[in-house]
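The chain contents come next:
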Amino acid sequence: IFSYSGLIILGLCAVMLLWGQPTAAAMSEEAQKAIALLDSVDAYERKLGFLRLEALREPATAEAIRRYLDHDDFDMRADSLRALAAVEGAKAIPELRSRLARDKQARVRWSALLALEPFVESHPELLGVFIDAMDDYRTEVRMTAADIVSRIDDPAARKAIELRARKEVHPDVRRVLKMAL
């Protein structure tokens, strides 16, 4: 069925697909142990795994982290976003923005905001993302967005804080906005 040259081409294609793919050997022992924690039944161990991956920042761990972006447990999704941002850096921005815009869980949107914050200086277009998040229906997301926007040195950020302060009704968010003014 396959000719000798067909098998060689098939083999070369397989090598090309795998070339550059991270392997366990490309990861440190610490990273491999952290990844193993992600499948624990213990929520503390899973969180510890993500925190260790976030601290290690090994690019070879990105695909392992990405497996949890659509997890049923919203805490797993939220923790995976922070770890992915630490590992991939600015490359993770589109994924973080997507999760902020479409995840129904406030904890995930909150985590996406925190993961995006370090990139605001190098990616000024993120200011609009943070300003939009100040209109989120969940209080904790609005508070976080307002806090982030308040620390951005830009006239548009100041104006957004002033506008939001006029229409915000929740006392906790109003307190964050008042401190920003």
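Structure: above.
Bear in mind that the values here come from a model prediction, so they are computed numbers and not experimental data. (Residues numbered from 1 in each chain as written. Predicted model: local features only at pLDDT ≥ 70, side-chain atom pairs only at ≥ 80, totals over all residues. Heavy atoms only, no water.)

> For this particular structure, what's the right way to read the nonpolar core?
For soluble globular proteins, the rule of thumb is that nonpolar side chains tend to be buried together. Membership of the largest hydrophobic core comes to 52 residues, with the highest contact counts inside it found for Leu96, Leu113, Leu116, Leu126 and Phe130. Counting residues per element, this core draws most heavily on helix α5 (residues 74-88), at seven residues. Contact partners of Leu116, with chain neighbours within four places excluded, come to Ile93, Leu96, Arg97, Leu100, Leu126, Val129 and Phe130. (Core = buried A, V, L, I, M, F, W, Y, C linked by side-chain atoms within 4.5 Å. Buried < 20%, exposed > 50% of the residue type's maximum accessible area, 1.4 Å probe, protein only. Helix = DSSP H or I, 4+ residues; strand = E, 2+ residues; numbered from the N terminus. Contact = heavy atoms within 4.5 Å.)

> What is the right way to look at the pattern of salt bridges in this model?
Counting across every chain of the model gives 22 salt bridges. Two residues, Glu88 and Arg66, come together in a salt bridge whose shortest N-O distance is 2.9 Å. Linking Glu88 in helix α5 with Arg66 in helix α4 (residues 62-66), this pair joins segments that are 22 residues apart in sequence. Residues joined in a network through salt bridges with shared partners are Arg66, Asp70, Glu88, Glu95 and Arg99. (Salt bridge = Lys/Arg side-chain N within 4 Å of Asp/Glu carboxyl O.)

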